[in-house]
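Each chain, letter by letter, is given below.
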Amino acid sequence: MFRTSFLGDRISAVGFRLGGASVDSPPSGEEEQAFAAALANSDLVIVTAEFAGRLPGDRLAAAQAGHEPLVLVIEDVRGLCQPTDIAVTLRRQLGMA
């Protein structure tokens, strides 16, 4: 069975819970532990950009560079925090921006 975890705000979590994902909205200071648990127990980890911003940058980058589980950063349902646009980042890194 494919296991999906969602980490982010409670409002965004509702839709993922209805879709069968395991959801968590950890309080401030407990983000890293929740992220580690999701990585250990899931095939797909979805986090909001706001949640990702509260993780140490190297921790998120290392998880995204790994092969399993897949880690996605998305916009929250409220639209308060946008994820980094990968196309813009790549163009800047390639000197095309």
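Treat the numbers as computed from the prediction; the structure is a model and nothing was measured. (Residues numbered from 1 in each chain as written. Predicted model: local features only at pLDDT ≥ 70, side-chain atom pairs only at ≥ 80, totals over all residues. Heavy atoms only, no water.)

Undergrad: Before we move on, can you summarise the confidence of the model for the protein with the specific residues and values?
TA: Averaged over all residues, the pLDDT of the protein equals 86, while 84% of them reach at least 70. Mean pLDDT values over the elements of the protein span from 66, in helix α5 (residues 86-93), up to 97, in strand β1 (residues 4-7). (pLDDT = per-residue confidence, 0-100. Helix = DSSP H or I, 4+ residues; strand = E, 2+ residues; numbered from the N terminus.)

Undergrad: Run through helix α2 (residues 31-41), naming residues and quoting values.
TA: Those residues of α2 that sit buried are E31, A34, F35, A38 and L39. For α2, the angular spread of the buried residues around the axis is 135°, confining them to a single face. (Buried < 20%, exposed > 50% of the residue type's maximum accessible area, 1.4 Å probe, protein only. Arc of directions from axis to C-beta.)

Undergrad: Provide a residue-level description of the pattern of salt bridges, including the pertinent values.
TA: Applying the stated criterion to the full structure yields 2 salt bridges. Between R3 and D43 there is a salt bridge; the shortest N-O distance is 3.6 Å. Separated by 40 residues along the polypeptide, R3 in the segment before β1 and D43 in the loop between α2 and β3 (44-48) bring together distant segments of the chain. Of the residues examined, D43 reaches a relative accessible area of 26% and is grouped as partly exposed. (Salt bridge = Lys/Arg side-chain N within 4 Å of Asp/Glu carboxyl O.)

Undergrad: Requested: an account of the nonpolar core, with residues and values cited.
TA: The tendency in soluble globular proteins is for nonpolar side chains to be buried side by side. Counting residues in hydrophobic clusters, the biggest one holds 13 residues, and the most contacted among them are L7, F35, V45, V47 and V71. Of all elements in the fold, only α2, β3, α3 (49-53) and α4 (57-65) reach the threshold of two or more residues within this core. If one sorts the elements of this core by residue count, α2 sits on top with 4 residues. Sequence-distant contacts of V71, defined by excluding residues within four places in its chain, comprise F35, L39, V45, L60, A63 and Q64. Core analysis: the next-biggest nonpolar cluster, separate from the first, contains 5 residues, A13, V23, L44 and I46 among them. (Core = buried A, V, L, I, M, F, W, Y, C linked by side-chain atoms within 4.5 Å. Contact = heavy atoms within 4.5 Å.)

Undergrad: Lay out the environment of F6 with the relevant residues and their values.
TA: Structurally, the position occupied by F6 is in strand β1. With relative accessibility at 1%, the residue F6 sits in the buried group. Spatially, the C-alpha atoms of F6 and L44 are 8.5 Å apart, while their sequence positions differ by 38 residues.

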